[in-house]
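Spelled out from the first residue to the last, the chains are:
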Amino acid sequence: QVRVVESGGGLVQAGGSLRLSCVASGSTFSIHVSGWYRQAPGKQRELVASMSYSGIVNYGDSVKGRFTISRDNAKRMVFLQMDSLKTEDTAVYSCAVDSTTWADGLRTIYWGQGTQVTVSS
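Residues numbered from 1 in each chain as written. Predicted model: local features only at pLDDT ≥ 70, side-chain atom pairs only at ≥ 80, totals over all residues. Heavy atoms only, no water.

### Topic: the sheet that holds strand β7 (residues 67-72)
No. 1: As summarised here, the arrangement of the 4 strands in space is β1-β3-β8-β7, forming an open sheet in which the pairing is antiparallel. Both outer strands of the open sheet, β1 (2-7) and β7, are each paired with one neighbouring strand and no more. Within the sheet, the average angular offset between the axes of one strand and its neighbour, ignoring direction, is 15°.
No. 2: As paired strands, strand β3 (residues 18-26) and strand β8 (residues 77-82) are joined by 6 bridges and run antiparallel to one another. (Pairing = 2+ DSSP bridges. Helix = DSSP H or I, 4+ residues; strand = E, 2+ residues; numbered from the N terminus. Axes fitted to C-alpha atoms, helices over the stretch in contact; angles between N-to-C directions.)

### What about the packing of aromatic side chains?
No. 1: On inspection of all chains with the given rule, the structure shows 1 aromatic pair.
No. 2: Between the NZ or CZ atom of R45 and the centre of the ring of W111, over which it lies, the distance is 4.0 Å. (Phe/Tyr/Trp six-rings, centres within 6.5 Å; stacked < 30°, edge-to-face > 60°. Lys NZ or Arg CZ within 6 Å of the ring centre and 35° of its normal.)

### Considering the state of the cysteines
No. 1: Applying the stated criterion across every chain, the model contains 1 disulfide.
No. 2: Across the disulfide from C22 sits C95; the S-S distance is 2.1 Å. Negative torsions about the S-S bond denote left-handed disulfides, and the value of about -80° found for C22 with C95 makes this one left-handed. Taken together, the residues span a long stretch of sequence, with C22 in strand β3 and C95 in strand β9 (residues 91-101) at a distance of 73 residues. C95 matches C22 in its accessibility class, with the two residues each being buried. (Disulfide = S-S within 2.5 Å. Buried < 20%, exposed > 50% of the residue type's maximum accessible area, 1.4 Å probe, protein only.)

### Let's talk about the pairing of β8
Every regular strand shows the same layout, with side chains that alternate between the two sheet faces.
No. 1: Note that β7 and β8 share 6 bridges and pair antiparallel. In the strand pairing of β8, S70 is matched with F79.

### Section: the nonpolar core
One broad trend across soluble globular proteins is that nonpolar side chains are buried collectively.
No. 1: One finds W36, V48, F67, L80, M82 and Y93 to be the most contacted residues of the largest nonpolar core, which totals 28 residues.
No. 2: Elements that contribute at least two residues to this core include exactly β1, β3, β4 (29-39), β5 (46-52), β7, β8, β9 and β11 (115-120).
No. 3: Not counting residues within four places of it along the chain, the set of residues in contact with M82 comprises G16, S17, L18, L20, R66, F67, Y93 and V117. (Core = buried A, V, L, I, M, F, W, Y, C linked by side-chain atoms within 4.5 Å. Contact = heavy atoms within 4.5 Å.)

Rendered as structure tokens:
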């Protein structure tokens, strides 16, 4: 089993910045892709940003140029730097870790519990 925990959400004014952190822990495992998703009330969950273990990055169109994903492979952490925040960025942000556990060789996507980001006008 892999446990995923996010932190860093909160309330910020439009134009401000926040940095989210995500750490994966548990059984011995290999991470393939780590990513951030968000879901606003009444809307579908959408990709914010993802990064493969090799460093290939993908961003959602609405955050390109404003958000930056990074990671620390040794610490099994992934970060999301969010700049120039807009009110429409308000959502619950969840971290997803696509990994394979060594004990059974199963590849699974593990999710964190989510962290609320609220951007006020």
